[in-house]
Each structure stands twice: as structure tokens, then as C-alpha cells.
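Structural features, examined
For reference, the chains in residue letters:
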Amino acid sequence: MSVGKSLTSRYVRVNDPRLENNSQVVIAHDQKRPGSLVAIKPINIPTRLESDKVELLRSVSRYLSLNHPSLAKPIDIFVDPRFPHQLRLVVEYIQGARPLAFSASLPKKEFLELMGQFCSVLHYLHARGFAHLDLHPGNVLISPSRGSANHWLLNLIDFPFQNLKGLLEDKDELNFSPLYSAPEILHGGKIDYRADLYSLGLLLYQLLVGELPQLKSQGNSFDDSPILDTNRLESVTPIFLEPIVRKLLNLDQEKRYQSAFLLFEDINKNLKETKLEFDSPCPDFYTQILSSVTSSDAFADGIGKLRDWISSKRLTPRRISFGGPVYSGRKAVAKLIAHYLNLEGIPLATLTIGSDAEPHFLLESISSNSDGEPDDLTLEQLAISCLDKGSDKIE
């Protein structure tokens, strides 16, 4: 593996055609992380963000904050002076990875563990306002876990720079693969996180049956439902995967799984009911899902900032309302926040969870200088680490 020219003072291109199967993506050595390779991909800066530098910086911050074991970790973003209207996204390069199709040959336990990881990483992205929307075999890799020859890790790559809200405002930036896309993406319907679950259903069907389902017609109709090979699908093991695949592939978004969390729940429930025999314990889906919801290095600091904000305004909260996307983990986080506040000597009279599209807190409070109007804190993420100590409202 030879070294090429320097891209920046930090990144030096690798001259190895075997590593670069995408003409746009460059593989490079990271001088700050000896022995590590990164993938560098250029993207055009959306016109909306070019004219709104504050929102551009927020988008950069959101993207770089993503950190999950099944994501190719974002490491850096820089601008090449030769191309001022582009960003260079720098992400971890997954070495030794195999294609997703390899997972079909794994024992049941390893296959289901990968399913658990898939659900966990989708839940993580969705709970933070991101959706992949371009899930296909080339963007899902399998790599061996360090120190364990029988454990495999799932890695999602090439996820979008912007969150779902930004993507829907800049639909020209939306990338998708028609063979693996939900009908609402192909035919102009309402796009949300459930589009990723449809794509997961197609990937799972392909792994279990060996090919993608055909469509009832080759037209451009929103009603083109996939024709599932019932005989082959009903013969898959574990047998409970067959109705799961059917539900994932429902054309009606309301009849699909409404979140990756509910898919987790269904898999876990079926594992218990079927009492499958594995050489080692069943995948601990709940541990994965809870860690993806509540883990945040800045969580305790965020609690402190919320406490300080309340103290500085001399508030005595009587109710806290926590809102966020349905099944995004808002309930677990809200209870944690209430628990922390109680430990800090700020007991709450009631705790309610709303179903607003954007995560937020609403504190109804009484203070010595308040007119009784509610104080509203809007959050960017489910974790409250984004609260600013000096601000009354965070947009």
C-alpha cells in the first residue's frame, strides 16, 4: 500500500485502487490517528445552508456528534479551497469488511445479533432526527469483531450529512437506490423514518430468500406492492422472521413497524416464545436499545445546566412535559431527567410525555417574578447536552 499526495496537513491519500471502488471517495491515512484509514467524500453545500452559516454550523455539529458502534464514525469536515461550494466529509474507513450478503451464511445466533445491531443503529439515528434513506447492500458492511472470531459487527456507511428535516427541505440532495427504496420515496409520498424500515425489509427478504421480490407491475404506480415468494419465505428459519418481513414491506406506512424500537420488541418477544436454542445466551436487545437511547458523555453535564437554568430563574417547577418523535426513547429519557432533578432537590408534581415532532421540554413553573406563563426549552436531541446555560430558549 503506497502513499500518495497530501490532501491536507492531516490526510495523505493511499495509492491502492483496490480500496477505492467509488470514483468520488478517497481513502487516506489519518496523520493524527496512526494506522487508521479514513474515507473522504465530497458533497455540495445545499444552497439553503450556503446562505445560512449558523444553520450550516449546526448541521456540521449534529453530523460530527453521531457516535454508534454500527456507524462509520464521522471524524472531520473540511473545505478544499479549490472547491469552496463543497464540504469534504471524513469518516472512519471500515477495514476488512465483507458485504451484507455474507451474513446469510452465518449461524442463527450471529445473524440475529446483526439484526439487533441493525435495529439499534437505526433507532439511534432516528431518535436523533436522522434517517439514512439509502440503505442497500453497498452501504451495509459486516466486519469481524476484534478479539472474537465468532462475533460480527454491522457497519452503516454513506449516511447523509443533514438530518431528516434538512433533507426534506433540500430534496435535490436526497440520494436513494430505487431497488431498495420505499414507495413513498419513489412516488412522492410523505417521507419519514419508516422509509428506512421498508428498506430493511427488502434487505432482510433478499438475505433470507436469495433475491429481491418482484413488483406486481413495472409501472410508476404508488400501489406497486412487492410479490413475495410465499413458499420460500415461509421456509426460512427462525420462522418468526416471515411475518416480520411482511410487516416491514407493507406499502401503508401506518401498518409497518412504526419504529426500530418496536421491531426490537417483536424480535425479543419471539425469541422468548420460540425458546430457540443457541450455544450462548440470546442477543440482549434491551441492553443495546437502552444504551443507544440514554448514553451521552454530556448527559450529566446537561442535567447540571438544566438545574442551573431553573435556579437562575428562581423557578419551582410543578410540571415537566417532554416531547419527541413517537417511540424515539423520549419516555426513558424523560424519566431519567425527572429522577436527576429529584436528586437535585427539585421534585416535580407531574411528568407527561407528548408526541411532538421535535424533541423539547416544557416546564410549567412558579417563580417570585413570573407571570405564570410556561417556560419553554427546545432541544436539538433527546439528550439535553445541547442546552445553553446562558439562554432561556434554544432554537
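Look a little higher up for the structure.
An account of the accompanying structure is given in this report. Just so it is clear, the model here is predicted, and its values are computed rather than measured.

A word on the overall build of the protein chain
When its secondary structure is counted, the protein chain shows twelve helices and 15 strands. The burial tally for the protein chain puts 50% of its 395 residues in the buried class. In the protein chain, the share of contacts with a sequence separation of at least 24, taken over all contacts with a separation of at least 6, comes to 61%. When the accessible surface of the protein chain is split by element, carbon and sulfur atoms take 50% of a total near 19600 Å².

Considerations on the packing of helix α6 (residues 194-209) against helix α8 (residues 241-248)
Helix-helix packing: each pair is described by the crossing angle between the helix axes and the interaxial distance. At their nearest, the axes of α6 and α8 sit 8 Å apart, and the two run at 140° to each other. As judged from the angle between their axes, α6 and α8 are oblique. Where α6 crosses over α8, the handedness of that crossing is left-handed. Where α6 approaches α8, its residues L197, Y198, L200, G201, L204, Y205 and L208 are matched on the opposing element by L241, V245 and L248. Residue composition of the contact of α6 with α8, grouped by class: nine nonpolar, one polar and no charged.

Section: the packing of aromatic side chains
Counted by the stated rule, this structure contains four aromatic pairs. Taken together, a centroid distance of 5.8 Å and an interplanar angle of 40° make the contact between Y63 and F159 tilted. Placement of Y63 in helix α2 (residues 53-64) and of F159 in the loop between β9 (152-156) and α4 (164-169) is noted, with a sequence separation of 96 residues between them. An aromatic cluster is defined as three or more aromatic residues linked by ring pairs; in this entry it consists of Y63, F159 and F161.

Side note on the sheet that holds β9
If you walk across this open sheet you meet the three strands as β7-β8-β9, and the pairing is antiparallel. Lying at the two open borders of the sheet, with one neighbouring strand each, are β7 (98-99) and β9. By the bridge criterion, five bridges tie strand β8 (residues 140-144) to β9 in an arrangement that is antiparallel. What sits directly across from P144, in β9, is W152. Against the sheet, helix α3 (residues 108-127) touches β8 and β9, its axis set at about 35° to β9.

Here's the deal with α2
The terminal C-alpha atoms of α2, which comprises twelve residues, lie 16 Å apart, in line with the 16 Å expected from a rise of 1.5 Å per residue. Looking at α2, one finds that the buried residues are E55, L56, S59, V60, R62 and Y63. Along α2, the residues classed as buried sweep out an arc of 165° about the axis, all on the same side. Facing away from the buried surface of α2 by more than 90 degrees, the exposed residues are V54 and L57. Buried residues along α2 sit in contact with α1 (47-50), β5 (74-78) and β6 (86-92).

As for the pairing of β6
When you tally the buried positions in β6, you get five out of seven residues, the bulk of the element. Of the pairings in the sheet, the one linking strand β4 (residues 37-44) to β6 comprises seven bridges and is antiparallel in character. Bridge pairing in β6 links I43 to L87.

What about the pattern of salt bridges?
Within this structure, the stated rule accounts for 15 salt bridges. Note that R10 and D76 form a salt bridge whose closest N and O atoms lie 3.9 Å from each other. One end of the pair, R10, is in the loop between β1 (2-6) and β2 (11-15); the other, D76, is in strand β5, and 66 residues separate them in sequence. In this structure, R10 and D76 share a single accessibility class: buried. With a closest N to O distance of 2.7 Å, E55 and R62 form a salt bridge. A cluster of three or more residues bridged by salt bridges with shared partners is formed by R10, D30, R33 and D76.

Some thoughts on the pairing of β5
Most of β5 sits out of view: five of its five residues are buried. Inspection of the sheet shows β5 paired to β6 by four bridges, in the antiparallel sense. Bridge pairing in β6 places F78 opposite R88.

Examining the nonpolar core
The biggest cluster of nonpolar side chains holds 75 residues, and the ones touching the most others in it are F118, L133, L156 and F161. Excluding residues within four positions of it along the chain, L156 makes contact with S70, L71, A72, F118, V121, L122, L125, H132, L135, N139 and V140. Y11, I40, I75 and F78 belong to the second-largest nonpolar core, a separate cluster that totals seven residues.

Considering the environment of S36
Within the secondary structure, S36 sits in the loop between β3 (26-30) and β4. Residues S36 and Y93, 57 residues apart in the sequence, show an inter-C-alpha distance of 7.9 Å. Not counting residues within four places of it along the chain, the set of residues in contact with S36 comprises A28, H29 and D30.

The rules behind these values
Along each chain, the written sequence defines residue order, and numbers are assigned to residues from 1. Selection of residues for local features in this predicted model requires a pLDDT of at least 70, selection of side-chain atom pairs for listing and counting requires 80 or more, and totals for whole chains, interfaces and linings are taken over all residues. Think of the side-chain values as coming from all heavy atoms in the structure, minus any hydrogens and water. Under the DSSP-based scheme used, a helix requires at least four consecutive residues in state H or I and a strand at least two consecutive residues in state E, with every element numbered from the N terminus. Each residue's exposure class comes from its accessible area (1.4 Å probe, protein chains only) as a fraction of the maximum for that residue type: buried when under 20%, exposed when over 50%, partly exposed otherwise. It only takes one pair of heavy atoms within 4.5 Å for two residues to be counted as in contact. Residue burial considers only the protein chains on display, and all accessible areas are found by Shrake-Rupley using a 1.4 Å probe. Between N-to-C directions, angles span 0 to 180 degrees; the directions come from axes that are lines fitted to C-alpha atoms, helices contributing only their stretch in contact. Oblique is the label for any angle not under 35 degrees, not over 145, and not in the 65 to 115 range, which are roughly parallel, roughly antiparallel and roughly perpendicular in turn. Should the near helix be turned anticlockwise from the far one by less than a right angle, the crossing is termed left-handed; should it be turned clockwise, right-handed. Note on residue categories: nonpolar means Ala, Val, Leu, Ile, Met, Phe, Trp, Tyr, Cys or Pro, charged means Asp, Glu, Lys or Arg, and polar means any other residue, Gly included. Any two rings among Phe, Tyr and Trp, with Trp reduced to its six-membered ring, count as a pair given centres within 6.5 Å; such a pair is stacked if its planes are under 30 degrees apart, edge-to-face if over 60, and tilted if neither. Two strands are said to pair when DSSP picks up at least two bridges between them. A helix is expected to span 1.5 Å for every residue after the first. In this context, the arc is that of the directions from the helix axis out to the C-beta atoms. A pairing counts as a salt bridge when a side-chain nitrogen of Lys or Arg comes within 4 Å of a carboxyl oxygen of Asp or Glu. Here the nonpolar core consists of buried residues drawn from Ala, Val, Leu, Ile, Met, Phe, Trp, Tyr and Cys, with membership extended through side-chain atoms lying within 4.5 Å.

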